[in-house]
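Descriptive analysis of the structure
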Amino acid sequence: MELKSYQQATLDALQRYLSALNTARENAARVAALGLSGVHYEWDAEAWGLIGRDKTGYQQRRSGAGRSIPTICFKIPTGGGKTLLGVKAIETIQTAYLRRHTGLVLWIVPTSEIYRQTYSAFRDRSHPYRQLLDLASGGRTRIIQKDDPFTPADVANNLIVLLIMLPAASRENKETLRMFRERGGMEAFFPTEEDYDGHRKLLQEAPNLDTFSNDGFGASKIIKGSLGNALRLLSPLIVLDEGHKAYSDIAQQTLLGFNPAFILELSATPTNRSNKLVEISGRDVHREGMIKLDLHLSIKSSGDWRDTMLAAHEQRVALESEAQVYAMRENGAY
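Calculation notes
- Residues numbered from 1 in each chain as written.
- Predicted model: local features only at pLDDT ≥ 70, side-chain atom pairs only at ≥ 80, totals over all residues.
- Heavy atoms only, no water.
- 1 Å grid on protein atoms, 1.4 Å probe; cavity = no way out; pocket = protein on both sides within 12 Å on 5 of 7 lines; lining within 4 Å.
- Points joined across faces, edges and corners; volume = space filled by probe spheres on them.
- Helix = DSSP H or I, 4+ residues; strand = E, 2+ residues; numbered from the N terminus.
- Core = buried A, V, L, I, M, F, W, Y, C linked by side-chain atoms within 4.5 Å.
- Buried < 20%, exposed > 50% of the residue type's maximum accessible area, 1.4 Å probe, protein only.
- Contact = heavy atoms within 4.5 Å.
- Pairing = 2+ DSSP bridges.
- Patch = residues over 30% accessible without salt bridge, like charges linked within 9 Å, V, L, I, M, F, W, Y side chains within 5 Å.
- Areas by Shrake-Rupley, 256 points an atom, 1.4 Å probe, with all protein chains shown as cover.
- Salt bridge = Lys/Arg side-chain N within 4 Å of Asp/Glu carboxyl O.
- Lys, Arg positive; Asp, Glu negative; His and termini not counted.
- Charge placed at Lys NZ, Arg CZ, Asp CG, Glu CD.
- Phe/Tyr/Trp six-rings, centres within 6.5 Å; stacked < 30°, edge-to-face > 60°.
- Lys NZ or Arg CZ within 6 Å of the ring centre and 35° of its normal.
- Axes fitted to C-alpha atoms, helices over the stretch in contact; angles between N-to-C directions.
- Nonpolar A, V, L, I, M, F, W, Y, C, P; charged D, E, K, R; others polar.

**Re empty space enclosed by the protein**
With the rule as written, the count across this model stands at one cavity of 30 Å³ or more. Computed from the structure, the largest cavity encloses a volume of approximately 40 Å³. What lines the largest cavity is Arg61, Thr71, Leu240, Tyr247, Gln252, Leu256, Ile263 and Glu265. Contributing elements (two or more residues each) for the lining of the largest cavity: α10 (249-257) and β6 (262-267).

**Considerations on the nonpolar core**
Ranked by size, the top nonpolar core spans 50 residues in total, and within it Tyr17, Leu18, Ile72, Phe74, Trp107, Phe262 and Leu277 carry the most contacts. Setting aside residues no more than four positions away along its own chain, isoleucine 72 makes contact with Leu14, Tyr17, Trp48, Phe262, Ile263, Leu264, Glu265, Asn275 and Leu277. With 32 residues, the next largest nonpolar core counts Leu104, Phe189, Ile223 and Ile238 among its residues.

**Quick look at the pairing of strand β2 (residues 103-109)**
With seven of seven residues buried, β2 is to be regarded as a mostly interior element. Burial along β2 is two-sided: Gly103, Val105, Trp107 and Val109 and Leu104, Leu106 and Ile108, pointing in opposite directions, are all buried. The sheet contact formed by β2 and strand β4 (residues 159-165) spans seven bridges and is parallel. Note that in β4 the partner of glycine 103 across the bridge is leucine 159. Alignment of β2 against strand β5 (residues 237-241), held across four bridges, turns out to be parallel.

**Considering a negative patch on the surface**
A surface patch of negative charge is lined by Glu182, Glu187, Glu193, Glu194 and Asp195. With respect to the secondary-structure elements, aspartate 195 resides in the loop between α7 (174-177) and α8 (196-205).

**With respect to the packing of aromatic side chains**
Each aromatic ring pair is described using two quantities: the centre-to-centre distance and the angle formed by the ring planes. Under the counting rule described, the total for this entry stands at eight aromatic pairs. An aromatic cluster of three or more residues is present, and its members are Tyr17, Trp48 and Tyr58. The lysine or arginine in question, arginine 53, covers the ring of tryptophan 48, its NZ or CZ lying 5.0 Å from the ring centre.

**Structural notes on unusual backbone geometry**
A positive phi is found at serine 235, a non-glycine position, where the angle reads about 45°. As for its placement among the helices and strands, serine 235 is situated in the loop between α9 (227-234) and β5. Residues other than glycine seldom take positive phi values, yet glutamate 242 does so here, at roughly 55°. Tracing the backbone through its elements, the reader meets glutamate 242 in the loop between β5 and α10. Note on glutamate 242: relative accessible area 17%, which makes it buried.

**Section: the side chain of serine 274**
Along the chain, serine 274 turns up in the loop between β6 and β7 (276-279). Classification of serine 274 as buried rests on a relative accessible area of 6%. In this view, serine 274 contacts Cys73, Tyr247 and Glu265; residues no more than four positions away in its chain are not counted.

**A short note on the sheet that holds β2**
Taken in spatial order, the seven strands line up as β3-β4-β2-β5-β6-β1-β7 in an open sheet, and their pairing is parallel. Each end of this open sheet is capped by a strand with a single partner; those strands are β3 (141-145) and β7. Recorded for the sheet is a direction-independent mean angle of 20° between the axes of neighbouring strands. Of the strand pairs in this sheet, strand β1 (residues 71-75) and β6 are connected by five bridges, and their pairing is parallel. Note that in β6 the partner of cysteine 73 across the bridge is glutamate 265. Sitting on the sheet, helix α4 (residues 112-123) touches β2, β3, β4 and β5, and the angle it makes with β4 is about 160°.

**A look at the layout of surface pockets**
Within this model, the largest pocket holds a volume of roughly 230 Å³. Going through the elements one at a time, α3 (82-98) and α4 are the ones with two or more residues in the lining of the largest pocket. For the lining of the largest pocket, the element with the highest residue contribution is α4, accounting for four residues. Partitioned by chemical class, the residues of the lining of the largest pocket number three nonpolar, six polar and three charged.

None of this, on its own, says anything about what the molecule does.
And the structure:
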């Protein structure tokens, strides 16, 4: 599949960022090896500076286990191929940063309609999205939903793409609470109930795992065999479709609580809390023929957003008036 010039430029920018991220992470390891008390190297912010951005403006994220999570955003207008770029980015991030071809990708969408469309495309082996995923995994791709069973061996030997809706990533949502309940099929990810030392070691690695109460075993805690806990152990790559909708406090707490290794946001209208790695304009998309309808852009000299809103309202009123004229002509009133 031949990419548009702005799409290739987006992936080139991602490659440069990942290279900087690797350099910053290696520098952080050297600093840590020195054992200097009180010195903490913010390698994710440093990587932002290495690509020429203001590192003080980088919005840092911490996982539920307290680790840095590189988080970036592709700002792509609607119709610009956000999903295609997200799928292509998976291969780049997996190989250039995570250094793997297998593992878990958590793909999060905002609505049931987008969920159905994305799931259908990812499951269809003839669809370009699925073919790109298979290219990234060497043909070992599994597309699953939250109730589908999978094992550590599945994750080790395949690229597992777990599709969920954004409401299911909120701990206030009843459906998501199920993700953190004990369920069958997850046993292989956790020590046996009698292996208290195994549970203790896992909690040291990921202290935000959900546990049962002491259950009469003194200070020993037993980790719940839940999907949510399995995700926390697997440190997934998260792709957020319409990422601007995931900025409520609850959504952020839940997403960061999955202990992701990397977060990629895809949005046409990102918030000011997003680390926008690339910003593609409507003109870029239109120039490449991605917008099939006529696109008329006008630039206001005023910097006041209210002037833009007023102009938009006036244009809408004018279009409605013109539409009414066409409707009357159609009905024979003229």
